[in-house]
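Fold and geometry: a report
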Amino acid sequence: MLALSAEGILPKIDYAIFADTGWEPKSVYDHLDRLEREIAKPAGIPVLRVSSGNIRSDALNPDHRFASMPLYILNTDGRPGMTRRQCTGEYKVKPIKKKIRDLLGYPYPTRVPKGVFVEQWIGISTDEFHRAKDADVKYMHNRHPLIDMGWSRSDCVRYLTSLDLAETPKSSCLGCPFHGNAQWRHIRDNSPAEWEDVVEFDAAIRKGNARANASGNRLLGEAFLHRSRVPLSQAPIDHVTASEWAALQQELADEEELERGVADGCSPWACRGGADAPTQGDFGLAT
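Residues numbered from 1 in each chain as written. Predicted model: local features only at pLDDT ≥ 70, side-chain atom pairs only at ≥ 80, totals over all residues. Heavy atoms only, no water.

Some words on the overall build of the protein
Here is the rule: Secondary structure elements follow DSSP: runs of H or I no shorter than four residues count as helices, runs of E no shorter than two count as strands, and numbering proceeds from the N terminus. Type-normalised accessible area, obtained with a 1.4 Å probe on protein chains alone, sets the label of each residue: buried when under 20%, exposed when over 50%, and partly exposed for intermediate values.
Each helix and strand in the protein was counted, giving eleven helices and eight strands. Here the protein, with 287 residues, has 40% of them falling under the buried criterion.

Concerning unusual backbone geometry
Cis rather than trans, the peptide bond between Tyr108 and Pro109 has omega equal to 10°. Its place among the elements puts Pro109 in the loop between helix H4 (87-104) and strand S5 (118-121). If you check the backbone angles, Asp164 has positive phi at about 65° while not being a glycine. Topologically, Asp164 is positioned in the loop between helix H6 (153-162) and helix H7 (181-190). With phi around 60°, Arg229 is a residue other than glycine that occupies positive phi space.

A look at the nonpolar core
Stated formally: Within this scheme, the nonpolar core is defined by two criteria: the residues are buried Ala, Val, Leu, Ile, Met, Phe, Trp, Tyr or Cys, and they are joined through side-chain atoms within 4.5 Å. Contact definition: two residues touch when any of their heavy atoms are within 4.5 Å.
Ranked by size, the top nonpolar core spans 24 residues in total, and within it Ile55 and Trp184 carry the most contacts. Looking at this core, the elements that each hand over two or more residues are helix H3 (55-59), H4, H7 and helix H8 (192-204). With three residues, the single largest contributor to this core is H8. The residues contacting Trp184, other than those within four sequence positions of it, are Leu174, Gly175, Cys176, His179, Trp195, Val198, Leu225, His226, Leu232 and Ile237. In this structure, Ile39, Ala40, Trp121 and Leu165 belong to the second largest nonpolar core, which totals 23 residues.

Observations regarding the pairing of strand S2 (residues 47-50)
Basically, it comes down to this: Think of it this way: DSSP has to see at least two bridges between two strands before they count as a pair. By convention, orient the strands away from the viewer: a clockwise path from the first strand over the helix to the second makes the crossover right-handed.
Across four bridges, strand S1 (residues 15-19) lies against S2 in parallel orientation. Paired with Phe18 across the strands is Arg49, a residue of S2. Remark: the S1/helix H2 (residues 26-43)/S2 crossover connection has right-handed handedness.

Some remarks on the confidence of the model for the protein
Basically, it comes down to this: pLDDT is a residue-level measure of predictor confidence that goes from 0 to 100.
When the pLDDT values of the protein are averaged, the result is 87; 86% of them are 70 or greater. pLDDT under 50 marks residues 258-284. Its contacts with residues more than four places away, or in other chains, come to 65 contacts.

Structural notes on the side chain of Ser125
As a reminder, the rule being used: Polar contact is defined as a pair of N or O atoms within 3.5 Å, subject to the rule that within protein one atom must be able to donate a hydrogen and the other to accept it, and that residues adjacent in sequence are counted only when both atoms are side-chain atoms.
Looking at where Ser125 falls in the secondary structure, it is placed in the loop between S5 and strand S6 (140-143). By relative accessible area, Ser125 is classed as buried at 9%. Among the polar contacts made by the side chain of Ser125, one reaches the side chain of Asp127 at a distance of 2.9 Å.

With respect to the environment of Tyr106
Secondary-structure assignment places Tyr106 in the loop between H4 and S5. As for Tyr106 and Val116, which are separated by ten residues in sequence, their C-alpha atoms are 9.8 Å apart. Discounting chain neighbours no more than four positions away, the residues touching Tyr106 are Arg101, Arg111, Val112, Pro113 and Val116.

With respect to H6
Residues of H6 that are buried: Ser154, Asp155, Cys156, Arg158 and Tyr159. Count one or two residues on from H6 and you reach Asp164, which has phi positive near 65°.

A closer look at the pairing of strand S3 (residues 72-75)
Each regular strand carries side chains that alternate between the two faces of the sheet. Two strands pair when backbone bridges link them, and S3 and strand S4 (residues 80-82) are joined in this way by three bridges, in the antiparallel orientation. Following the sheet pairing, Tyr72 is matched in S4 by Met82. Hairpin remark: S3 followed by S4, antiparallel, with four residues in the connecting loop; positive phi at Gly78, about 90°. In this sheet, strand S7 (residues 221-224) lies alongside S3 in antiparallel orientation, the contact comprising four bridges. When the sheet's bridge partners are listed, Tyr72 is paired in S7 with Phe224.

Structure representation (structure tokens):
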């Protein structure tokens, strides 16, 4: 969406907002730097980086309140469980909302007047249209330009490839429990230092977060980053799951389409992006 706006295919946005959990892969930070340098800055679009802290440090700090990660739990009786996911709200949604209120000129706890709002663009494609939702506050109106344009993941891949951005990395915490085996393998095989980091964190989080333990609310069981509920260093991450296989087939289909060219000579970023583009965050894009 940032590139589409910078190229004038979508209207120019006022800001791009990146919520930094403090524990993203180096490749994500490098990619963000490149986007800012090569796409956003030449187009006059400020990239704002916001944060609620470092999620890794907070989880291991007994003096810091921690919004729980969705850790996989093995209870003392052998039953599996899972902790609540509060991290997205604390480390992604909260800092973006705070920045938006600041940009509007009504920082918390100042009341935002009726009728004052931003239009927030969210990059959900047609493959995941069910994830498109309205904002839960009146000063933010959500819009989903990729869905408005009828763009699927394949369309996005084609467009990014045309900009030499085909290797766009996935933004997520290094130690996110929702990683699939492919993501864990990618870290292990391509970034030994980051793999050592997540293995250490997995061991350190075994009894839950430090603040809960310090306050006497110890975890009754053991916590793990991998769904197998064994230490990450021993987890069966070389197993190719059904969902991973399906994703691989989609990637191969995307590559075949790129080799063949777009059907009927229709460029998804010209025809669909031109005729059907709307007239008006993880980037949040605010207009």
